[in-house]
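# Remarks on the overall topology
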Amino acid sequence: MPYTVDFETVSTVGLESSPVAEAAAGLRANEARYFRNKYKHVFTVSPAEEVPAVVERVSRILREERDIVIESRPLEATAFQVDDLHMAYVFYESGLSINVMYSLDDGKRAVGLKLADGMDVPAELEAKFKFARQKSKLAGVIRGSFFLIKGEYPPN
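Notes on the structure follow. Being a predicted model, the structure only gives us computed values, none of them experimental.

### Some thoughts on the nonpolar core
Residues Phe43, Ile98 and Val111 are the most contacted members of the largest nonpolar core, which totals 50 residues. Contacts of Phe43, omitting those with residues within four sequence positions, involve Tyr3, Thr4, Val5, Arg28, Glu31, Ala32, Phe35, Thr78, Phe80, Tyr89 and Phe91.

### Observations concerning helix H2 (residues 52-66)
Because an α-helix packs 3.6 residues into every turn, residues spaced three or four apart end up facing the same way. The terminal C-alpha atoms of H2 lie 21 Å apart, and with 15 residues this matches the ideal 21 Å at 1.5 Å per residue to within 8%. Residues of H2 that are buried: Val54, Val55, Arg57, Val58, Ile61, Leu62 and Glu65. Viewed end-on, H2 has its buried residues packed into an arc of 165 degrees, placing them on one side of the element. Buried residues along H2 sit against strand E3 (74-82), strand E4 (85-92), strand E5 (96-103), strand E6 (109-115) and strand E8 (140-148). Looking one or two residues past H2, Asp67 carries a phi angle of roughly 55 degrees, positive in sign.

### Structural notes on empty space enclosed by the protein
Gaps left between atoms are located by rolling a probe of water-molecule size over the structure's atoms. In the structure shown here, the tally under the stated rule is one cavity of 30 Å³ or more. What the largest cavity holds in volume is close to 30 Å³. As for the largest cavity, its lining consists of Leu15, Ala24, Leu27, Phe91, Tyr92, Gly95, Leu96 and Ser97. Looking at the lining of the largest cavity, the elements with two or more residues in it are helix H1 (21-39), E4 and E5. Split into classes, the residues belonging to the lining of the largest cavity amount to six nonpolar, two polar and no charged.

### Observations regarding the pattern of salt bridges
The tally for this structure, following the rule as stated, stands at six salt bridges. Between Arg28 and Glu76 there is a salt bridge, with its nearest N and O atoms 2.6 Å apart. With a gap of 48 residues between them, Arg28 in helix H1 and Glu76 in strand E3 connect regions that are remote in the sequence. Classification of Glu76 as buried rests on a relative accessible area of 4%. Glu56 is the salt-bridge partner of Arg63, the closest N and O atoms lying 3.1 Å from each other. Owing to a relative accessible area of 40%, Glu56 belongs among the partly exposed residues under this scheme.

### What to know about the packing of aromatic side chains
All chains considered together, the criterion is met by 13 aromatic pairs. Consider the rings of Phe35 and Tyr89, whose centres lie 6.0 Å apart with planes at 90 degrees: the pair is edge-to-face. Highlighted residues: Phe35 in helix H1 and Tyr89 in strand E4, separated in sequence by 54 residues. Look at Tyr89 and you get buried, because its relative accessible area is 2%. Among the aromatic residues, ring-to-ring pairing joins Tyr34, Phe35, Tyr39, Phe43, Phe80, Tyr89 and Phe91 into one connected group.

### Examining the layout of surface pockets
There is about 400 Å³ of room inside the largest pocket. Counting only elements with at least two residues in the lining of the largest pocket, the list comes to H1, E4, E5, E6, strand E7 (132-136) and E8. A class-by-class count of the residues in the lining of the largest pocket yields 13 nonpolar, six polar and four charged.

### Some words on the environment of Ser17
Following the sequence through the fold, Ser17 ends up in the loop between strand E1 (3-4) and H1. The sequence separation of Ser17 and Glu93 amounts to 76 residues, and the corresponding C-alpha distance is 6.6 Å. Side-chain polar atoms of Ser17 contact the side chain of Arg73, separated by 3.3 Å. A polar contact is formed between the side chain of Ser17 and the side chain of Glu93, at a distance of 2.7 Å.

Cut-offs and rules
Residues numbered from 1 in each chain as written. Predicted model: local features only at pLDDT ≥ 70, side-chain atom pairs only at ≥ 80, totals over all residues. Heavy atoms only, no water. Core = buried A, V, L, I, M, F, W, Y, C linked by side-chain atoms within 4.5 Å. Buried < 20%, exposed > 50% of the residue type's maximum accessible area, 1.4 Å probe, protein only. Contact = heavy atoms within 4.5 Å. Helix = DSSP H or I, 4+ residues; strand = E, 2+ residues; numbered from the N terminus. Expected span 1.5 Å × (residues − 1). Arc of directions from axis to C-beta. 1 Å grid on protein atoms, 1.4 Å probe; cavity = no way out; pocket = protein on both sides within 12 Å on 5 of 7 lines; lining within 4 Å. Points joined across faces, edges and corners; volume = space filled by probe spheres on them. Nonpolar A, V, L, I, M, F, W, Y, C, P; charged D, E, K, R; others polar. Salt bridge = Lys/Arg side-chain N within 4 Å of Asp/Glu carboxyl O. Phe/Tyr/Trp six-rings, centres within 6.5 Å; stacked < 30°, edge-to-face > 60°. Polar contact = N/O pair within 3.5 Å; in protein donor to acceptor, adjacent residues only side chain to side chain.

Here it is as structure tokens:
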């Protein structure tokens, strides 16, 4: 069942099994606030098992672009379009959040990786990325990185 993320009252709904559930919920709320403020989009997530195509698309891009397989269990995912951007998100049990931004107009495509406050860098990402820190009122300290997508992975 879909869950509308409330960035004013942060909730761990759907993320309870994460060892960093509070920070992961803050990270998810931070994303919800961004899309609400910039695009007037209501950020809604579903349990990962209810949207397997979203999880598989994100996993495929990671695997084919950078030979990365995320070891953590996906808890929630979402996909939506705002303006000319198709977005896909997967939130993992470890506290990792991965998003795929795929522009439908100008060919700009990227994968964003964010680590919830308090989690270690996953082993599968440790040697491949450097993570910059940013502070968030909702999420504490977010560590993030990204890479550009070279291949074609149009949204379904």
